[in-house]
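For reference, the chains in residue letters:
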Amino acid sequence: MSIIFPGESAPANHVNLKLGPGLLQVSSIFNDASDGETPRKRPVIIATKAGELKHSVKGSQWWIESNSRRYVPVLHESVVGLITQRLGEAYRVDIGSAHHASLDGLAFEGATKRSKPNLKVGSLVYARVSLAHKDMEPELECFGAQTHKAEGFGELKGGFVVKCSLEMCRCLLNPKHFLLPMLGRRFPLDAAIGMNGRVWVSAKNVKEHIIVSRCIEAVDPDGGGMNEDELKKFLHTLGV
């Protein structure tokens, strides 16, 4: 495990380097040639928050993992948002960050000026961050970056939202994590996991909604922190 603190440089280096939460690329001047030659610049990756430095297997993706309740938008991350206002052809969306995000009415699969979703205040959407900059309002879109197909993005109808830590969301996005498969073997459910600390869940009745909510809270590292065996016992007490 590699712990890094704000201001420290990270050894991130790859041809197709992609930076995730907590890392920022800056330029640093250096001169490795003989005197008199023009100094060159090379990219330097620094940490903007404290946490555990992680990277993908091939080293193309780097990020800092830390448990937090405040979401900082990151490009291409999926989020669960709440429509709070309609402004002409666009919407303002609460995604749990310091600033609301904007969602264009045409940022949906197949949307045109004559045919586009008519979202109401209070509606939930599953969207992808298309613009994330510290000096600009985040922007969202409800289709895949490459295909422009919905790919599960769009309005979330019915169901309910469970709020949890950002670390718990990262855990649930791991296909090897035990929680959702364990619940799915007991009753059918749909889920949309946002990296912003929100999980949308749809089951067939209120009891199952409550069970999912309590299980997420029980497994959340910020909550009970239960492991797989402990959760099985917990489910037994809930009559599942």
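Residues numbered from 1 in each chain as written. Predicted model: local features only at pLDDT ≥ 70, side-chain atom pairs only at ≥ 80, totals over all residues. Heavy atoms only, no water.

*Asks:* Is there a simple way to explain the nonpolar core in this structure?
*Replies:* Inside soluble globular proteins, nonpolar side chains tend to come together where they are buried. The biggest cluster of nonpolar side chains holds 27 residues, and the ones touching the most others in it are Val93, Leu103 and Leu140. Counting residues per element, the ones that place at least two in this core are β8 (78-87), β9 (90-94), β10 (101-108), β11 (124-133) and β12 (136-142). Top element by residues in this core is β11. It accounts for five residues. For this core, the two domains that each supply at least three residues are domain 2 (77-156) and domain 3 (160-238). Every residue in contact with Val93, bar those within four places of it in the chain, is listed here: Gly81, Leu82, Ile83, Thr84, His100, Ala101, Leu103, Val125 and Leu140. Core analysis: the second largest hydrophobic core is formed by 24 residues, Cys169, Ile216, Ala218 and Leu238 among them. (Core = buried A, V, L, I, M, F, W, Y, C linked by side-chain atoms within 4.5 Å. Buried < 20%, exposed > 50% of the residue type's maximum accessible area, 1.4 Å probe, protein only. Helix = DSSP H or I, 4+ residues; strand = E, 2+ residues; numbered from the N terminus. Domains from an automatic or database assignment. Contact = heavy atoms within 4.5 Å.)

*Asks:* Any chance you could explain the side chain of Ser123 here in plain terms?
*Replies:* Relative to the helices and strands, Ser123 is located in the loop between β10 and β11. Overall, the relative accessible area of 12% leaves Ser123 in the buried class. One polar contact links the side chain of Ser123 to the main-chain carbonyl oxygen of Lys120, over a distance of 2.9 Å. (Polar contact = N/O pair within 3.5 Å; in protein donor to acceptor, adjacent residues only side chain to side chain.)

*Asks:* Please clarify how the sheet that holds strand β6 (residues 51-55) should be interpreted in this entry.
*Replies:* The strand order across the open sheet built from four strands is β1-β6-β7-β3, with neighbouring strands paired in mixed fashion. Either end of the sheet is taken by a strand with one partner, and the two such strands are β1 (3-4) and β3 (18-19). As judged from the two bridges shared by β3 and strand β7 (residues 61-65), these two strands associate in the parallel manner. Paired with Leu19 across the bridge in β7 is Trp62. (Pairing = 2+ DSSP bridges.)

*Asks:* Is there a simple way to think about the pairing of strand β15 (residues 190-194) in this case?
*Replies:* Residues in a regular strand point their side chains to alternate faces of the sheet. Relative to strand β16 (residues 198-202), β15 runs antiparallel, the two sharing five bridges. The partner of Ile193 across the bridge, within β16, is Val199. A loop of three residues connects β15 with β16, the two strands running antiparallel in sequence, and Gly197 in this loop sits at a positive phi of about 80°.

*Asks:* Explain the side chain of Ser56 here, please?
*Replies:* Structurally, Ser56 can be placed in the loop between β6 and β7. Residue classification places Ser56 among the buried residues on the basis of a relative accessible area of 16%. Excluding residues that lie within four positions of it along the chain, Ser56 makes contacts with Gln61 and Trp63.

*Asks:* Can you help me understand the UniProt feature "domain: K Homology" (unreviewed entry) in the chain in this one?
*Replies:* UniProt's entry tags residues 159-207 with the feature "domain: K Homology" (unreviewed entry), counted in the numbering of this structure. Annotation note: span residues 159-207, helix share 31%, strand share 29%, distance between end C-alpha atoms 12 Å. (UniProt positions renumbered as here; feature names shortened; annotations may be inferred.)

*Asks:* Hey, could you run me through the environment of Lys157 in this one?
*Replies:* Mapping Lys157 onto the fold places it in the loop between β13 (154-156) and β14 (160-163). Taking the C-alpha atoms as reference points, Lys157 and Arg186, separated by 29 residues in sequence, lie 23 Å from one another.

*Asks:* Quick question: what am I supposed to make of the sheet that holds β15 here?
*Replies:* Remark on secondary structure: sheet strands pair via backbone hydrogen bonds, oriented parallel or antiparallel. Read from one edge to the other, the open sheet built from three strands follows the order β14-β16-β15, with strand pairing classed as antiparallel. Edge strands, defined here as strands with exactly one partner in the open sheet, are β14 and β15. For this sheet, the mean angle separating the axes of adjacent strands, direction not counted, is 20°. (Axes fitted to C-alpha atoms, helices over the stretch in contact; angles between N-to-C directions.)

*Asks:* Got a minute to help me understand the pattern of salt bridges in this structure?
*Replies:* Between side chains of opposite charge, a pair can form when the charged atoms approach closely. One pass over the full model with this rule turns up five salt bridges. Where Lys116 meets Glu89, a salt bridge forms, and the shortest distance between an N and an O atom there is 2.9 Å. You can see Lys116 sitting in the loop between β10 and β11 and its partner Glu89 sitting in the loop between β8 and β9, a full 27 residues away along the chain. A relative accessible area of 26% places Lys116 in the partly exposed class. The exposure class of Glu89 is partly exposed, given its relative accessible area of 47%. (Salt bridge = Lys/Arg side-chain N within 4 Å of Asp/Glu carboxyl O.)

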